[in-house]
2 protein chains.
Amino acid sequence: MTPILQAVAPELLPFTASNIADAIDHLNACDSAVAVDVASRLPLARLIDMFDRPELQRAGGLIARMPDARAAALLEGMADDRAADVLLELDDADRARLSGRLRSGTLEALRQLMRYPPHTAGSLMTTEFVSVPADWTVAQTLTHVRQVERSRETVYAIYLLDPASHALVRTLSLRQLIAGDPDALALSQAQRTEPVWVAAHTDQEEVARLIRRHDLLAIPVLDEARHVLGVVTVDDVLDALISESTEDAHKFGGLQAIERPYMRTGFWSMIKKRAGWLCALFLGEMLTASAMQHFDDELAKAVVLTLFIPLIMSSGGNSGSQATSLLIRALALGEVRLRDWWRVALREIPSGMLLGAMLGVIALIRISIWQFGGIYDYGPHWVLLAFTVAAALVGIVTFGSLSGSMLPFLLQRLGFDPASASAPFVATLVDVTGLVIYFSIAALILGGTLL
Amino acid sequence: MTPILQAVAPELLPFTASNIADAIDHLNACDSAVAVDVASRLPLARLIDMFDRPELQRAGGLIARMPDARAAALLEGMADDRAADVLLELDDADRARLSGRLRSGTLEALRQLMRYPPHTAGSLMTTEFVSVPADWTVAQTLTHVRQVERSRETVYAIYLLDPASHALVRTLSLRQLIAGDPDALALSQAQRTEPVWVAAHTDQEEVARLIRRHDLLAIPVLDEARHVLGVVTVDDVLDALISESTEDAHKFGGLQAIERPYMRTGFWSMIKKRAGWLCALFLGEMLTASAMQHFDDELAKAVVLTLFIPLIMSSGGNSGSQATSLLIRALALGEVRLRDWWRVALREIPSGMLLGAMLGVIALIRISIWQFGGIYDYGPHWVLLAFTVAAALVGIVTFGSLSGSMLPFLLQRLGFDPASASAPFVATLVDVTGLVIYFSIAALILGGTLL
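Definitions and cut-offs
- Residues numbered from 1 in each chain as written.
- Chains lettered and ligands numbered in written order.
- Predicted model: local features only at pLDDT ≥ 70, side-chain atom pairs only at ≥ 80, totals over all residues.
- Heavy atoms only, no water.
- Least-squares fit on C-alpha atoms with pLDDT ≥ 70 in both.
- Axes fitted to C-alpha atoms, helices over the stretch in contact; angles between N-to-C directions.
- Helix = DSSP H or I, 4+ residues; strand = E, 2+ residues; numbered from the N terminus.
- Parallel < 35°, antiparallel > 145°, perpendicular 65-115°, else oblique.
- Left-handed = near helix turned anticlockwise from the far one by under 90°.
- Nonpolar A, V, L, I, M, F, W, Y, C, P; charged D, E, K, R; others polar.
- Buried < 20%, exposed > 50% of the residue type's maximum accessible area, 1.4 Å probe, protein only.
- Pairing = 2+ DSSP bridges.
- Contact = heavy atoms within 4.5 Å.
- Buried area = accessible area lost by both parts, 1.4 Å probe.
- Salt bridge = Lys/Arg side-chain N within 4 Å of Asp/Glu carboxyl O.
- Polar contact = N/O pair within 3.5 Å; in protein donor to acceptor, adjacent residues only side chain to side chain.
- Phe/Tyr/Trp six-rings, centres within 6.5 Å; stacked < 30°, edge-to-face > 60°.
- Lys NZ or Arg CZ within 6 Å of the ring centre and 35° of its normal.

### Concerning the relation of the copies chain B and chain A
Once turned by 180° and shifted 0.0 Å along the axis, chain B lies on chain A with an RMSD of 0.2 Å. What the superposition gives is, in effect, a two-fold axis relating one chain to the other.

Below, the structure is given as structure tokens:
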């Protein structure tokens, strides 16, 4: 047996011989008792690498059940943004117990990080970055980077600070640094333009937008005096973007965003996330029953009208859902701004009329074929009925496109996330109005004959 | 006037004095003639930086109208993945004319890149990366990186190749390199585990997943002999992810994905993207009319039944839309695999029954209040009617949750993207079945009384 294999017990090999991502998958798949045992016996450096990744599940639960000294060493070794997230998962007693074991410097940094609200730059940032005075040379800076490399989450962006005020002067990338003449000032190698930065309370979507816009690997978080509080790295942003698009997809599907994986969300918490919207939509949709009651005379006289109710209503909902999904994305990506609402309206009205007319023509053909083909008899006034259906389709698809496209603007105007506009919500909105449009057109065209 | 300000004409200052992203916004806002004029006169290095970003609009159109020599110098200077994208935007004549001006090495690299299908690693990758023989020292490697830094898109990942076969041996990050002892072998500083890599035909979603899973700044693209063809960098993946989530949002909203910004998509191409699905859904929804025709006797006998049709159908659609959005994301993130379909079904059936029962209770209360309050008279059999509606809701919401959750699995099983399952599609599926469920339950409960 070679000394290397002796170093860890054979049952730990799946956690040490593979890459970090696979090791995490292995640990996630273990049940709690085994996972605590493994975590207590793995080489500390390996365990730190695993706990540094947000993909590791139950991180708080595992750390709470490890021996205190090991848990403290782990928290000290982890990137501080992750350590703060893990501490937030603990209950108050465990957090107090482990906090007492931490060095005061670490504890202060973690307390600071835990103070920032979720989804902000402050909650995503790490305080483990590299900064040097702006009057250092390339050689001095490179030596410093080499010395601190192990303890920093990123060294690819180096922050040059005013030697007196410690305010951020310029950002320097590691590639610019190594390309420089050793005796030159590091500042001479830096970006010539003002550094791009965010504040601690900046929303993570805006952080992602800036990182993407300027092709950055990290963005500094500054306070009012332009001191660097921390940096947000591109991998954190990537994770934030993924969870943001999951949230948006859930909201558009008409439920509250679910943060945990589907299979790990409890039955009751899943029901809670879904029942709220489902009941709210149901109450809204009850207005359709009220609308129908209002038209019950017409319904009794012309049962044939009811045959097309689901068809007409769903077309309105579908066109609304299309328009909403288009505008939610356009607003999220900044392609369209709030003040552009009327431009969008001026596009959606003719689009809706044209799309509605297409469906109207299909409906005319369908009714004619059924009538002439003897498949169904729509009665003596079938031509008028067919035109009623076609006209209602034009009206309802236009209304659907218009209201579906305006809803995200309205939500943004009222201070809500435009992505809260969901397909079911738009459908409900359009269903109620759609019925009114249908029966009004029917009264107009069929009045005196069928009605 | 200082020499630096003299170097460019004052009207070019907005393009040279600001950061690249702002300069691009300025150029995007100019009309074509002005943009060509500006592009022809800007310092070449600045122009290259601007054309390297996919955010620059009309890149192909601008390059086609610049003087040939300048266009060629620009293409030579640009990152080759972007240059290939821009060449693909040109018409055949322009492409042939400018290709003739390129150096043969560049032309060969660009031809290679243009061959890969869109949305693959090959189409995203750049061939401008750093690789060195695996027997070089840290100092040798660092000197090489310094020399080639300007001409490489990324230097943060360095690929160590077998000196004889040129196959990839290990990946080395720049931070690992600079932390190393100058006389040590570069290989000794490298990752100990096998490099993570993709093939040229790997889908961009998988590339993004791997970059995210392993927290990479770049991932190598290998051929069968493990030669490095190119690398995909994290900023390209970020852009790809954003356009992928836009596509998914559009598909879920029930239209074909639109790649250009909303306001820059022509009226007719917008209609085309929407009309296809809208008509297809309309044809599907026509089955509701057929279902209703089948039940026209019941409808004529009990008009009161029709009052609840929109309410019941929409609840099925809403619960289906919830389940679909949950499962699309769970499948996209790999939280749930194809073989887990039955586990999901076993969760969705009780969820659907419970959610349906909640709505059923609300419906019972609503009908009782209206009846007792004298707001509407549902007739002598109103209690039976109320229970018919409640029972139908349980059945339809259960069916909606089940079919909405199974549809993404079915699509994946058939080789389609699960994200093609749209809210309107699920709604249509559930609407038709929902009617049948409603009328069957009505026949069962109301048979002999109302029917």
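After that view, the rundown keeps rolling.
### Regarding the packing of helix 21 (residues 341-372) of chain B against helix 22 (residues 382-413) of chain B
All names here are of chain B. Axis separation between helix 21 and helix 22 bottoms out at 7 Å; the angle between their running directions is 155°. Overall, the two elements helix 21 and helix 22 adopt an arrangement that is roughly antiparallel. For the element pair helix 21 and helix 22, the recorded crossing hand is right-handed. Along the lines of polarity and charge, the residues of the contact of helix 21 with helix 22 split into 23 nonpolar, eight polar and one charged.

### Some thoughts on the pairing of strand 3 (residues 168-173) of chain A
Residues and elements named next belong to chain A. Burial analysis of strand 3 places five of its six residues in the buried class, which makes it a mostly covered element. Here strand 2 (residues 157-161) pairs with strand 3 via five bridges, running antiparallel. Its bridge partner lying in strand 3, Ala-157 is registered against Ser-173. In textbook terms, the turn of a hairpin is the stretch between consecutive antiparallel strands, and for strand 2 and strand 3 this stretch comprises six residues, one of which, His-166, has a positive phi near 65°.

### A short note on the interface of chain B and chain A
Taken together, the contact between chain B and chain A spans 119 residues of the former and 119 residues of the latter. When chain B packs against chain A, close to 10800 Å² is buried across both sides, 65% of that on carbon and sulfur atoms. Where chain B touches chain A, the interface holds 12 salt bridges. Here Arg-213 of chain A and Asp-22 of chain B are joined by a salt bridge, their closest N and O atoms 2.6 Å apart. Linking chain B with chain A are 50 residue pairs in polar contact (both at pLDDT 80 or more), by the criterion used here. Per element, the largest residue contribution to the side of chain B that touches chain A is 19 residues, and it comes from helix 17 (residues 267-294) of chain B.

### Describing the pattern of salt bridges
Scanning all chains against the criterion turns up 34 salt bridges over all chains. Residue Arg-175 of chain A is joined to Glu-149 of chain B by a salt bridge in which the shortest nitrogen-to-oxygen separation is 2.7 Å. With Arg-175 of chain A in helix 13 (residues 174-179) and Glu-149 of chain B in the loop between helix 12 (138-148) and strand 2 (157-161), this pair bridges two chains. What you see here is one network of salt bridges that share partners, running through Glu-11, Asp-37 and Arg-41 of chain A.

### Describing the packing of aromatic side chains
Within this structure, the stated rule accounts for 18 aromatic pairs over all chains. Ring geometry for Phe-372 of chain A against Trp-382 of chain A: centres 5.4 Å apart, planes inclined by 85°, an arrangement best described as edge-to-face. Residue Phe-372 of chain A is located in helix 21 (residues 341-372), and its partner Trp-382 of chain A is located in helix 22 (residues 382-413); the two are separated by 10 residues in the primary sequence. Judged by centre distance (5.5 Å) and plane angle (45°), the rings of Tyr-438 of chain A and Phe-439 of chain A are tilted. An identical accessibility class is assigned to Tyr-438 of chain A and Phe-439 of chain A; each is buried. One aromatic cluster is present, formed by Phe-295, Tyr-438 and Phe-439 of chain A through successive ring pairs. Over the ring of Trp-370 of chain A we find Arg-366 of chain A; its NZ or CZ atom is 3.7 Å from the centre of that ring. If you follow Arg-347 of chain B out to its NZ or CZ, it ends over the ring of Tyr-262 of chain A, 5.2 Å from the centre.

### Side note on the side chain of Thr-428 of chain B
Along the chain, Thr-428 of chain B falls in helix 23 (residues 423-446). Residue Thr-428 of chain B is classed as buried on the basis of its relative accessible area, which comes to 8%.

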